[in-house]
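A look at the structure
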Amino acid sequence: MMEKLYGYAGQTLKVDLTKGKVIKEPLDRDLVKRFLGGRGLNGRLLFDLVGPDVDPMSPDNVLLIATGPVNGLLGLTTGRVDVTSLSPLTGIFGNSNAGTNFAPELKYAGYDNIVVVGRSKKPVYLLIEDDHVELRDASDLKGSGVFETTDVLKERHDDVKVAAVGRAAENGVLYGSVIFDYWDAAGRAGMGTVMASKNLKAIGVSGTGSIEVADPDRYYEVARDGWLALMNDFGFKTQEHSVLGTAVCVGWGNAQGWLPTRNFRESYFEDADKISGEEFRDRFSVKESPIPAGRACMSCPNRCKRYGVIRTGKYAGTRGNIEFEAIGAFGSKCGVGDFDAVFHANMIANDYGMDAVSCGNMIATFMEWREEGIIDDEFLDGLDLRFGNADAMVEAIHKIANREGKIGELGGLGSYLAAKAISEKAMYYTSNVKGMDSISCDPRAAKGFGFAYAVASRGSDHLRAHPVFEMIKLPPEIGKDLFGDPEAVDLRKYGGKPEMVAWHEELGAITDSIGSCRFMHASYYTQYPVPELIHKYFKLKGEVHSLKYHEWISAVTGWNISYEELLRIGKRIINVERAFNIRRGIRRKDDTLPERFFKDKVPRGPAKGEIYTRDTFNKMIDRYYEIRGWDPETGLIKRETLEDLELHDVLKILEKEGLVV
């Protein structure tokens, strides 16, 4: 008799859009034991299903949506979902993670993951209602916005959670998003564009089932310890994040000098207070403090999702939530201090189904190209696109989403491919790694964050690591204990940063794979062993509590997983993503930062004079490759690394293609 699979629904949905068929299969037990679920499971499936010659927009690409073992349970944040595919924006590993009730609902319906292959001849949506699963005609929804599509599905089907794509993805904008229930975006790397290329307009899911854990009593104790760790955390106790949402980072980033301004020309924005979390709370929130209209993912006390409405003025009727990255993209990066316009820009980008980071970066890049004389007014179709012009920024979003004129056609490609189409000079003013636009943190002012961009598997990305550790003023002794160097706690220093990024990457891979939230291990630092070290060096009294992923997973699944094995699983996930990218041509030369960060010093603000030193950066890459077990000359994975991680089948494929050392 087969061993019971605790914590999982136990089924995979395979959707062949070319044939119009849906097949239910048992979840692969071996894969989830080795990769857990979510991002880990999707990454391994992507490696297996998508070869090195597949075009991202072809029917041969796949769209993978996966939950993890803690999704749908009561624990410290259990509402994240992973969407993975070959990215049309970068041509390499692509995935995005969203906080949404879709993941728990999918498990309650009886499924852990969805594998979508092929392409439908006409627009369809996938309807999942417990055992009943079918593809339905969505021709009437073609060209509809995300909001309208979501409305229609919720009107047609009771209690469904909806994943939808908008017009931008249908028009081939390469950074189209998958939007869950109106506001929650799997935004990065163009996952929505892949979904739209398959003529899959939406997915609706409702479930009435349940999930069983292996050891309920132990689960309660482990989950309780994690909750107490958060409740006792210094940062959580301030409630700033809960009250202001991720927009708390606007003031924080500006004060520390890492808030990108005018397309990374600067890292301090003089109008940051006009687009801050406090400003959103006071002007737009539909509920008073201390918790102003806070929405939460499942089982989360943080409630970081703000909700607000603009009631007067030319943007009256704008509604929804806004995250820090959207504020940075449409605000400081574009030099726009008009919060009404920034909020409205985010709403229409969501409705069009476009990644706010890439869209805002693209517009900011157009602005700088114009100032540098690289493009002219004719290129901009008469649009007065300059830093600080809020109206022109909003109009540019419409043009990009609808692919209108040169600005729309090139803008839909993202700044890297747009620059390649224009000139070598244009490339200097883009901020991307491996084709992915950088988020709202200047690498020159935050050395660990910058290094994390360079080595991230999906391109310029803080969420592969999210090393907030260097920003929160921990004692240097903790940096030395964890990462071998007291400089690891210093925002401007380089010491210990490869070790710090690697540790964060491994725990980030686990977090994304079990279905939990990144803030629990890399913002509040409730994750073992950081609370233990904080108690030690701050000489705190009383019992120490921490979130121990290894014990949490063990209590859910019944598997015996140690802390060391947990990090090993994280390494395995990271190496499968690297193996996929190696087959797509990624080498050491691609693990770098934009040229301007090595050449242009920060001109003013708290980080004035900061630059990323190229020689130091190269030494950091050497050290990082040593930690990872990758070849320092090429960036290929060493044979012994794959063998140690028991990735023998991956090794066999890379050996056959001459891609291992």
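What comes next concerns the included structure. Not measured: the values here are computed from a predicted model.

**A look at helix α2 (residues 38-49)**
With 12 residues, α2 extends 16 Å from end C-alpha to end C-alpha; this agrees with the ideal 16 Å at 1.5 Å per step. In terms of burial, α2 is a largely internal element, 10 of the 12 residues being buried.

**Description of the sheet that holds strand β3 (residues 63-66)**
If you trace the 6 strands from one edge of the open sheet to the other, you get β2-β1-β6-β3-β4-β5, paired in mixed fashion. Bordering the open sheet on either side are β2 (21-26) and β5 (93-99), each of which pairs with just one other strand. Ignoring strand direction, the axes of neighbouring strands in this sheet form an average angle of 15°. The pairing of strand β1 (residues 11-16) with strand β6 (residues 113-117) spans 5 bridges and is classified as parallel. Note that in β6 the partner of Thr-12 across the bridge is Asn-113.

**A closer look at helix α15 (residues 390-402)**
A rise of 1.5 Å per residue sets the reference length of α15, with its 13 residues, at 18 Å; its end C-alpha atoms lie 19 Å apart and thus fit the reference within 8%. Residues of α15 that are buried include every one of Ala-390, Ala-392, Met-393, Val-394, Ala-396, Ile-397, Lys-399, Ile-400 and Ala-401, and no others. Considering only its buried residues, α15 is in contact with α5 (167-170), α12 (324-330), α13 (339-352), α14 (356-371) and α16 (405-411). Regarding α15, its N-cap is Asn-389, as a side-chain oxygen of that residue lies 3.3 Å from the backbone nitrogen of Asp-391 further along. Positive backbone phi, at 55°, marks Arg-403, one or two positions downstream of α15.

**Considerations on the pattern of salt bridges**
Going through the model one piece at a time under the given rule, you end up with 60 salt bridges. For the salt bridge of Arg-281 with Asp-282, the shortest nitrogen-to-oxygen distance reads 2.8 Å. Here Lys-571 and Glu-506 are joined by a salt bridge, their closest N and O atoms 3.4 Å apart. Note that Lys-571 is positioned in helix α24 (residues 563-583) and Glu-506 in helix α21 (residues 497-514), a separation of 65 residues in sequence. A relative accessible area of 4% places Glu-506 in the buried class. Here the residues in one salt-bridge network are Arg-39, Arg-458, Asp-461, Arg-464, Asp-512, Arg-518 and Glu-577, joined through shared partners.

**Considering empty space enclosed by the protein**
The tally for this structure, following the rule as stated, stands at 2 cavities of 30 Å³ or more. Computed from the structure, the largest cavity encloses a volume of approximately 70 Å³. Around the largest cavity, the lining residues are Arg-39, Val-455, Ser-457, Arg-464, Glu-505, Ile-574, Glu-577, Arg-578, Asn-581, Tyr-624 and Trp-630. In terms of residue count, the dominant contributor to the lining of the largest cavity is α24 (4 residues). Considering only enclosed or pocket space, the second largest cavity measures out at about 30 Å³ in volume. In terms of lining residues, the second largest cavity is bounded by Gly-75, Leu-76, Val-222, Ala-223, Gly-226, Trp-227, Leu-547 and Trp-552. Of all the elements, helix α7 (residues 216-231) adds the most residues to the lining of the second largest cavity, at 4 residues.

Conventions adopted
- Throughout this description, residue numbers start from 1 for each chain and increase along the sequence as written.
- For a predicted model such as this one, the threshold for reporting local features is a pLDDT of at least 70, and the threshold for listing and counting side-chain atom pairs is 80 or more; totals across whole chains, interfaces and linings nevertheless cover every residue.
- To obtain the side-chain values, all non-hydrogen atoms of the structure were included, while hydrogens and water were left out.
- For the purposes of this entry, the term helix denotes a DSSP run of H or I that reaches at least four residues, the term strand denotes a run of E that reaches at least two, and both are numbered from the N terminus.
- Any helix carries an expected span of 1.5 Å times its number of residues minus one.
- For every residue, the accessible area obtained with a 1.4 Å probe (protein chains only) is divided by the maximum for its type, and the residue is called buried under 20%, exposed over 50%, and partly exposed between those limits.
- Pairs of strands are assigned from DSSP output, requiring at least two bridges between the strands.
- Interaxial angles span 0 to 180 degrees and are taken between N-to-C directions of axes, which are lines fitted to C-alpha atoms, for helices over the stretch in contact.
- Any two residues whose heavy atoms approach within 4.5 Å are treated as being in contact.
- Between N or O atoms, a polar contact is any pair within 3.5 Å; within protein, one atom must be a potential hydrogen donor and the other a potential acceptor, and residues adjacent in sequence are included only when both atoms are from side chains.
- The rule for a salt bridge is simple: a side-chain nitrogen of Lys or Arg has to be within 4 Å of a carboxyl oxygen of Asp or Glu.
- Only protein atoms enter the 1 Å grid used here. Points where a 1.4 Å probe fits but cannot escape make up a cavity, open sets with protein on both sides within 12 Å along at least five of seven lines make up a pocket, and a residue lines them when an atom lies within 4 Å of a point.
- Grid points are joined across faces, edges and corners, and a volume is the space filled by probe spheres set on the points.

Structural measurements only, silent on function.
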